[in-house]
Amino acid sequence: CTCADGIPETCDLPCTNVIVQLQDGTVYDSLFCPACDLETGVAAEYQTILNGTTGGWRASYIDILTAADGLQAGWNTVVIEARDWQPDGTVGRTVRTTREFYVDVPIP
């Protein structure tokens, strides 16, 4: 959770994703996009929007995306949002990154 300039709005931590097809035919995309509140070191909350389908906010920065989440064969666009919290319980900063990736296996 460290950024060279200490400003999360300009921090571009690398995201990684791995597309996996299991023996039963299930296909999923595992996303890993780290972020945290630089003042407290506490992990932020995350939300993904995959091809226009919005997921809920959660504490984990690892997300497993399936066909039910909008994963499709061919080009996919995912928006990953992270937000932190102020001491009074209100939402602080929200940052987002958009990634495109290609799935070259059929999605059952």
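Read on for a plain summary of the structure. Residue numbers run consecutively from 1 along every chain, following the written order of its sequence. In view of the model being predicted, local features appear only for residues whose pLDDT reaches at least 70, and side-chain atom pairs are presented and counted only at 80 or more, with totals across whole chains, interfaces and linings using the full set of residues. To get the side-chain values, all heavy atoms of the structure are used, and hydrogens and water are removed first.

## As for the overall build of the protein chain
1) Next: Only DSSP runs of H or I with at least four residues qualify as helices, and only runs of E with at least two residues qualify as strands; both kinds are numbered from the N terminus onward. What the protein chain contains, in helices and strands, is zero helices and seven strands.
2) Next: Counted from the first residue to the last, the protein chain has its helices and strands arranged as β-β-β-β-β-β-β.
3) Next: Exposure categories follow from relative accessible area, calculated using a 1.4 Å probe and restricted to protein chains: below 20% of the type maximum is buried, above 50% is exposed, and the middle band is partly exposed. Classification of the 108 residues of the protein chain by burial places 29% in the buried group.
4) Next: Accessible surface, the protein chain: about 6,400 Å² in total, of which carbon and sulfur atoms supply 55%. The accessible surface values rely on the Shrake-Rupley method and a 1.4 Å probe; as for residues, cover is taken only from the protein chains in view.

## Describing the pairing of strand 3 (residues 45-50)
1) Next: For strand 3, the tally of buried residues reaches five of six residues, placing the bulk of the element in the interior.
2) Next: Paired strands are those between which DSSP finds at least two bridges. Two elements, strand 3 and strand 4 (residues 53-54), share two bridges in a ladder whose sense is antiparallel. From the neighbouring strand, Leu50 faces strand 4, where its bridge partner is Thr53.
3) Next: Joining the antiparallel neighbours strand 3 and strand 4 is a turn of two residues, in which Asn51 adopts a positive phi near 50 degrees.

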